[in-house]
Amino acid sequence: MGADAVQVNTVFGRQVVNPSRDLDETSLREIAAMTGGEYFRATDEQGLASIYLAIDQLEPVSGEPVYVRPEVALYFWPAGLALGLTALLALFSLISGGAPGANRVNRAEVQ
């Protein structure tokens, strides 16, 4: 995995992508200069921290800071369990010839 590569969770699992592969820094710098803005680029954690400090000096925010942490989705465990139980119930139904007790005849009714 290269220095600029990051891992991204997708529908097909975790994939490694390089977000700066198609980055046109020259155009971004020109856009920032034309609009009176600034161009920032972080290549590591220290660079990102210094960018946050610079932005905070430009646009101070009052109030409590908002912390973001990665989330791990766990819904697939109960969903997989429900799917597995449904498959077992369907298989049992096919093997026994229908719903349990549906095809049984009461001996008292036959006589």
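Residues numbered from 1 in each chain as written. Predicted model: local features only at pLDDT ≥ 70, side-chain atom pairs only at ≥ 80, totals over all residues. Heavy atoms only, no water.

### What about the overall build of the protein?
Cut-off, in case you're wondering: Working definition: helices are DSSP H or I runs of at least four residues, strands are E runs of at least two. Numbering for both runs from the N terminus. Classification of residues uses two cut-offs on accessible area relative to the type maximum, computed with a 1.4 Å probe and protein chains only: under 20% is buried, over 50% is exposed, and between them is partly exposed. Whether two residues are in contact is decided by their heavy atoms, any of which lying within 4.5 Å being enough.
Counting its regular elements, the protein contains four helices and two strands. Residues classed as buried in the protein amount to 5% of the 111 residues present. Here the contacts in the protein between residues at least 6 apart in sequence split such that 2% fall between residues at least 24 apart.

### Some details on the packing of aromatic side chains
Put simply, the rule is: In summary, the pairing rule links any two rings of Phe, Tyr or Trp, Trp by its six-membered ring, whose centres are within 6.5 Å, and it sorts them by plane angle into stacked for under 30 degrees, edge-to-face for over 60 and tilted for everything else.
Enumeration over the complete set of coordinates arrives at two aromatic pairs. On the numbers, 6.1 Å between centres and 80 degrees between planes, the contact of Tyr75 with Phe76 is edge-to-face. Residue Phe76 is classed as partly exposed on the basis of its relative accessible area, which comes to 42%. With a centroid separation of 5.3 Å and an interplanar angle of 40 degrees, the aromatic rings of Phe76 and Trp77 are classed as tilted. Taken together, the ring pairs in this structure connect Tyr75, Phe76 and Trp77 into an aromatic cluster.

### Details of the environment of Gln7
The line we're drawing: Pairs of N or O atoms are called polar contacts if they sit within 3.5 Å, as long as, within protein, a hydrogen donor faces a hydrogen acceptor (for residues adjacent in sequence, only side-chain-to-side-chain pairs).
Residue position: Gln7 is located in strand E1 (residues 6-10). A residue is classified by how much of its surface remains accessible, and Gln7, at 44% relative accessible area, is partly exposed. Put simply, Gln7 and Asn18 are eleven residues apart on the chain and 8.8 Å apart in space, counted from C-alpha to C-alpha. At 3.2 Å, the side chain of Gln7 forms a polar contact with the side chain of Arg14.

### A closer look at the confidence of the model for the protein
For clarity, the cut-off: pLDDT gives the predictor's per-residue confidence on a scale running from 0 to 100.
Averaged over all residues, the pLDDT of the protein is 82; the fraction at 70 or higher stands at 84%. By mean pLDDT, the top-scoring element of the protein is helix H1 (residues 25-35) (94), and the lowest-scoring one is helix H4 (residues 107-110) (56).

### Structural notes on the pattern of salt bridges
Pairing between side chains of opposite charge can happen when the charged atoms of each approach one another. Threshold: Every case where a carboxyl oxygen of Asp or Glu lies within 4 Å of a side-chain nitrogen of Lys or Arg is listed as a salt bridge.
One pass over the full model with this rule turns up two salt bridges. Note that Glu25 is salt-bridged to Arg29, the shortest N-O span being 3.2 Å. Of this pair, Glu25 and Arg29 are both found in helix H1, four residues apart, which corresponds to roughly one turn of the helix. You can call Arg29 partly exposed: its relative accessible area is 47%.

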